[in-house]
Amino acid sequence: MRVDVITIFPDVFEPILGSSMLGIARDKGLLDVHVHDLRDWAEGVHRQTDDTPYGGGPGMVMKPEPFFRAVADVKAAVPGECTVVLMTPQGTRFDQRIAEDLAARERVIVLCGRYEGFDERIRSLADLQLSIGDFVLTGGELPALVVVDAVSRLIPGVLGHEDSTAEESFTWGLLEYPHYTRPAVYGDISVPDVLLSGDHARIAAWRRRRAIERTARLRPDLLADADLTPDEREFASEVVQETEAGRRAGEGDTTDE
Ligand SMILES: C[S@@+](CC[C@H](N)C(=O)[O-])C[C@H]1O[C@@H](n2cnc3c(N)ncnc32)[C@H](O)[C@@H]1O
């Protein structure tokens, strides 16, 4: 997969892209990331990429011309279908489904904003506008890295074990089950016996149950779209009710204090 990032802070990327799984993915030739300095498409001695907003107001706005030129050149550099993603807090909330969808694409171009954001016309370049959450960061570089990281670990061959992504949080529409490693007993906390049993069917059933329980406790909003049997759905709603009852009792305690 090829990813092109367009930014005014290209240096931010290398330390993350060069380390750990992303570095390995690049070394293996599975992920081909090119980070471009938007200023290369800007004009004038100062290679200006931002300007004051029409209508007044605080801050600076990213100018349209450098982005339009950059996207045209980067698209033309390599033939083939290409998805342009614009990072903005106003975009669709990025999630595992979108990461899976992007991981299946051949080429993605990511546009990073700064200051007050993009001149509105730049949005017309984007096939997809993505937000990494309901908060505002100073620039699109960290959001772009979040997207590149989440997408690249889904490219076949990037992680050591292909199963690693098959069972983890959000893939089933559930949070992942709890993990344990050695030692079997730490302080007064033991690893659940079933995990030491060697009985793979029991372990799989236990993990599935714990994943449902954990999702019902921590992220009941995910249950509506989760793929559950009628029995599992009943179990999940019991856990949700128990958790809500516990919370109400806790709130009652606080009021009494
Ligand atoms: C300070 S923000 C601009 C926010 C803009 N004035 C607004 O209110 O929507 C500057 C840039 O950071 C990036 N950014 C900030 N928060 C983000 C988020 N939650 N998700 C994705 N990108 C974000 C975008 O590229 C944005 O253009």
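For the structure, check the block above.
As the structure is a prediction and not an experimental result, all values here were calculated from the model.

Colleague: Looking at this structure, I do not really get the site of the ligand. What am I missing?
Modeller: The ligand sits among 21 residues. The nearest are Met87, Gln90, Glu116, Phe135 and Leu137. Contacts to the ligand include Phe135, whose backbone N or O atom sits 2.8 Å from a nitrogen atom. Contact distances for the ligand include 3.0 Å between a nitrogen atom and a backbone N or O atom of Leu137. Computed on the free molecule, the ligand has an accessible area of 580 Å², of which 86% lies beneath the protein chains in the complex. Counting only elements with at least two residues in the shell around the ligand, the list comes to strand S5 (83–93) and strand S7 (128–131). Broken down by element, the shell around the ligand gets its largest block of residues, four residues, from S5. For the shell around the ligand, the class distribution of residues is ten nonpolar, nine polar and two charged.

Colleague: I'm lost on the state of the cysteines in this one. Help?
Modeller: A disulfide bridge is the covalent bond that connects two cysteines by way of their sulfur atoms. Under the definition given, this model contains zero disulfides. This cysteine, Cys82, is not joined by any disulfide, and Cys112 carries the nearest cysteine sulfur, 14 Å off. Judged by its relative accessible area of 1%, Cys112 falls in the buried class.

Analysis parameters
- Residues numbered from 1 in each chain as written.
- Predicted model: local features only at pLDDT ≥ 70, side-chain atom pairs only at ≥ 80, totals over all residues.
- Heavy atoms only, no water.
- Near = heavy atom within 4 Å.
- Polar contact = N/O pair within 3.5 Å; in protein donor to acceptor, adjacent residues only side chain to side chain.
- Areas by Shrake-Rupley, 256 points an atom, 1.4 Å probe, with all protein chains shown as cover.
- Helix = DSSP H or I, 4+ residues; strand = E, 2+ residues; numbered from the N terminus.
- Nonpolar A, V, L, I, M, F, W, Y, C, P; charged D, E, K, R; others polar.
- Disulfide = S-S within 2.5 Å.
- Buried < 20%, exposed > 50% of the residue type's maximum accessible area, 1.4 Å probe, protein only.

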